[in-house]
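Listed below are the residues making up each chain.
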Amino acid sequence: MSHSTDYIGKPTSRVDGPAKVTGAAKYAAEYNVANLLYGYVVSSPIAKGKITKIDDAAVRALPGVHEVFTHENVPRFAFLDRSYKDDVAPGGAPFRPLHDAAIKYSQQPVALIVADTFELARYAASILHIEYEEEAHETRLPTQLDQTYKPGRGKTGYQPPKSRGNFDQGWKDGVAHMEGQFSHHAMHHNPLENFATTVEWLGDKNLKIYDKTQGAFNSQQYVTKVFGLKPEQARVISKYTGGGFGSGLRPQYQLFLAVMASLELERSVRVSLTRQQMFSFGHRPATLQHVALAADTYGALTGINHVAVAETSQFEDFTENVVGWSGTLYQCPNVKLDYRLAKLDIYSPLDMRAPGAASGSIALEIAMDELAYAAGLDPLEFRLRNYADRDQAQDKPFSSKKLRECYREGAAKFGWERRTPAPGSMRDGNLLVGWGMGGGLWDATQQKTAAKASLDADGHLTVSSGTNEIGTGTYTIMTQIAAECLGLPLEAVTFVLGDTTLPASPLQGGSWTASSVGTAVADACAALGEALLKQAKKMDQSVFQNAQIEDVYFANGQLRLNVNPDAAIVLRDLVQASGESKIEGEATAKPDMAKQQKHSMHAHNAAFVEVKVDPDLGTIKVTRVVNAVAAGRILNPKTARSQVLGSVVWGISMALMEESVMDHRFGRYMNHSLAEYHVPVNADIHDIDVVFVHEEDTIVNPIGVKGLGEVGLLGVAAAVANAIFHATGKRVRDLPITIDKLL
Ligand code: MOS
């Protein structure tokens, strides 16, 4: 890094903003490709059984229909013999579209109709005749533990929760107790951009694939393995993603169908899913949780018991860390954790923003509120009395943990000290006022990532890495980091992403992109800096002759000597003098495992919520939220704040609205549209204040960044539920908290 901090830490507007608001930014279904065919997916109306008959004669008779792909005629690919697992595939066998006659879940794709236009394909789908033999299905999460099982191996990185101490003894040692069942229903990501893939047939099995994804390389690997193609035959491009939230972590079935149809028909093909079909490929799993907590006379936790039962499909063990956080967030000697699954006739769940932690923190943080009341303590004071200065679950120190500061600064901003504890004790006219809090932690990780930095003869820097931008601000923060490293104005830097011809980058997810790609960008710029110095040494009578990299810095588009800033060379002159069109630097950044393994690395937050409840109507308004976050270095307070604002809106949404309503008679989500899947509108959202507490961390990664995509969501829904209790005295443990549950 250079001397100055001109860009890092400064609120910076999105560099991709103009492209987005003018429509120049292209999404997967917006690439105009010559002679394009359109696919329309036919979805199963039954949840379990098999296809007994397909009559496609009427469809094939339609002029403009090119093909009707079903399991009866789909070509056999490599995939059909050895199941390919994508980067975040759970344990089990990934679903194979159009593989056989078996129906495993409602809305399973059963046919792809390819036609000259989307409208024709859709019409054709409406007259395709398919007969099914239905079997009894089960889509209801069991309440009996003996109908559930402990997953063995889940997806990569899944660790079964670890218990410690003796919970039964801890329970007996307590003088204050709470015990409760918590539940929430399935929730769907619902990004605004529907899933779509446009495959451009370049001839001879060479494809250019525009895919909606959070991982261009993951999509590419899937395609090459499934269809037996070489990477250069399957270039995947994904420049913009209209919302991910986890929905694009796995290659979705439209990718398979579009590539299959393109290879078979030797044509360019686009397959777009409808909004209804956006409910057919993964969701935050419905989860039942049981929490029991006990505390002693001081209010110190003596026992924590947290059990979760989540739904999964018949073919994969989708796992997430729901209960593990309960062993880390608070100090407690006796912790008993269990995580179990139940196989249902549904599609496999899928990571959704703060997977596991968002769910777990609902139960844990409502439970903490309940126990605070049982112990006669203010919920904030209760948490401070149970503050964990060390990660007892991993028995490691934290690399940094400024949660106390989150509590302090968040509470001060909110005015928490004015809270009167008794439920129903605060009023605004006839409205009941409630104040509640919650919070949590999220893993701060770094993944191996490559990047390249290239300075051209005009002095323009292009930095690239094959990551994705899902709306979080990746284009912007990478531009800031690069500009900072090489002392260039933001306008002189372009960050390029979303293409498998670029340096390899992991999935955009897990809140690790800022840390992983950011470190790679910094390293690539450092490598370019070395190359520029090398060129400077070669110049006639160079004052840089004996300079080492520590002796120089970059500012105002120049390379300068520390001891004599006037001894400077303009960077573009170095490129011009080199006789080449550009000077480049490349790097692959990996986590420093030796350093990181000795520490527990997490981002933390504390959210404070005010609700106003109409006692006659039961209507709930979240009037104020303060969310204080400790996430290491904040690269761009503007985009960072947007991340946390989005999280707060989502937390309110989880608490009060979001629910994919399953009609168990059909085994189908019934509210599969944006009209009926409720999310907040502007009128539902009021004051939201975001506080970033100062946190320096030299262990987590070289740039000290912990990531912000997920942490802001934690405990927000619980804080809303706790505020509702404070307002009304009514404890609702089944989310969303709708009016009928409150009255
Ligand atoms: Mo996030 S659920 O890893 O996209």
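Located above this text is the structure these notes cover.
These numbers come from a predicted model, not from an experiment.

> Is there a simple way to think about the overall build of the protein in this case?
From N to C terminus, the protein includes 16 helices and 32 strands. The C-alpha radius of gyration of the protein comes to 27 Å, within 12% of the 27 Å expected for a compact globule of 743 residues. For the protein, the proportion of its 743 residues judged to be buried stands at 62%. A separation of at least 24 residues holds for 80% of the contacts in the protein among residues at least 6 apart in sequence. Summed over its atoms, the accessible surface of the protein is roughly 27700 Å², and 49% of this surface lies on carbon and sulfur atoms. For the protein, the distance from the average site of its 73 positive side-chain charges to the average site of its 83 negative ones is 2 Å.

> Help me understand the packing of aromatic side chains, please; the structure alone is not making it clear to me.
Two descriptors summarise a pair of aromatic rings, namely the distance from one centre to the other and the angle between the planes of the rings. According to the stated counting rule, one finds 23 aromatic pairs in the structure shown. Arranged with centres 5.0 Å apart and planes meeting at 65°, the rings of Y105 and Y347 form a pair that is edge-to-face. Taken together, the positions of Y105 in the loop between β5 (102–103) and β6 (109–115) and Y347 in the loop between β16 (335–343) and α7 (357–375) put the pair 242 residues apart, joining distant regions of the chain. Under the relative-accessibility criterion, Y347 is labelled buried at 13%. Taken together through their ring pairs, the aromatic side chains of F95, Y105, F315 and Y347 make up a single cluster.

> How should helix α15 (residues 716–728) be read in this particular structure?
Turn by turn, an α-helix covers 3.6 residues, leaving residues three or four places apart pointing in a common direction. Here α15 contains 13 residues, and its C-alpha end-to-end distance of 18 Å stays within 8% of the 18 Å for a straight helix at 1.5 Å per residue. In terms of burial, α15 is largely enclosed, as twelve of its 13 residues are buried. Immediately beyond the C-terminal end of α15, within one or two residues, lies G729, with a positive phi of roughly 80°.

> Help me out: how do you make sense of the pairing of strand β25 (residues 558–561) in this one?
Walk down a regular strand and you will see the side chains alternate between the two sheet faces. Here four bridges tie strand β24 (residues 552–555) to β25, and the two strands are oriented antiparallel to one another. The partner of V552 across the bridge, within β25, is L561. Taken together, β24 and the strand that follows it, β25, pair antiparallel across an intervening segment of two residues, in which N556 is found at a positive phi of about 50°. One ladder, built from three bridges, connects β25 with strand β26 (residues 568–570); its direction is antiparallel.

> Got a minute to help me understand unusual backbone geometry in this structure?
Trans peptide bonds make up the majority, and among non-glycine residues the majority have a negative phi. Of note, the bond from L735 into P736 is cis; its omega dihedral lies within 30 degrees of zero at 0°. Along the polypeptide, P736 turns up in the loop between α15 and α16 (739–742). Of note, the phi angle at E266 is positive, near 55°, even though the residue is not glycine. By the element assignment, E266 lies in the loop between α6 (253–265) and β12 (268–272). Backbone geometry places S511, a non-glycine residue, at a positive phi of 60°. As for its placement among the helices and strands, S511 is situated in the loop between β23 (493–496) and α11 (513–538).

> I would appreciate a short explanation of the sheet that holds strand β22 (residues 461–464) in the present structure.
Sheet strands line up and pair through hydrogen bonds in the backbone, either parallel or antiparallel. Read from one edge to the other, the open sheet built from four strands follows the order β23-β22-β21-β27, with strand pairing classed as mixed. Since the sheet does not close on itself, it has two edges, and those belong to β23 and β27 (582–589), each with one partner. Across this sheet, the average inter-strand angle for adjacent strands is 15°, counted without regard to direction. Where strand β21 (residues 449–456) meets β27, eight bridges bridge the pair, whose relative direction is antiparallel.

> I keep staring at the packing of helix α14 (residues 637–656) against α15 and nothing clicks. Help me out?
For any two helices packed against each other, one specifies the inter-axial angle together with the distance between the axes. Running from amino to carboxyl end, α14 crosses α15 at an angle of 55°, the nearest separation of the two axes being 7 Å. The orientation of α14 relative to α15 falls into the category oblique. Note on packing geometry: the crossing formed by α14 with α15 is right-handed. In this structure, α14 uses V648, G651, I652, M654, A655 and L656 to contact α15, whose residues at the interface are V716, A717, V720 and I724. Grouping the amino acids of the contact of α14 with α15 by side-chain chemistry returns nine nonpolar, one polar and no charged.

> Help me out: how do you make sense of the pattern of salt bridges in this one?
Any two side chains of opposite charge can pair, given that their charged atoms come close. For the structure shown, the criterion picks out 27 salt bridges. Taken together, the shared-partner salt bridges connect D369, E370, R731 and R733 into one network.

The rules behind these values
- Residues numbered from 1 in each chain as written.
- Predicted model: local features only at pLDDT ≥ 70, side-chain atom pairs only at ≥ 80, totals over all residues.
- Heavy atoms only, no water.
- Helix = DSSP H or I, 4+ residues; strand = E, 2+ residues; numbered from the N terminus.
- Rg over C-alpha atoms; globule rule 2.2 N^0.38 Å.
- Buried < 20%, exposed > 50% of the residue type's maximum accessible area, 1.4 Å probe, protein only.
- Contact = heavy atoms within 4.5 Å.
- Areas by Shrake-Rupley, 256 points an atom, 1.4 Å probe, with all protein chains shown as cover.
- Lys, Arg positive; Asp, Glu negative; His and termini not counted.
- Charge placed at Lys NZ, Arg CZ, Asp CG, Glu CD.
- Phe/Tyr/Trp six-rings, centres within 6.5 Å; stacked < 30°, edge-to-face > 60°.
- Expected span 1.5 Å × (residues − 1).
- Pairing = 2+ DSSP bridges.
- Axes fitted to C-alpha atoms, helices over the stretch in contact; angles between N-to-C directions.
- Parallel < 35°, antiparallel > 145°, perpendicular 65-115°, else oblique.
- Left-handed = near helix turned anticlockwise from the far one by under 90°.
- Nonpolar A, V, L, I, M, F, W, Y, C, P; charged D, E, K, R; others polar.
- Salt bridge = Lys/Arg side-chain N within 4 Å of Asp/Glu carboxyl O.

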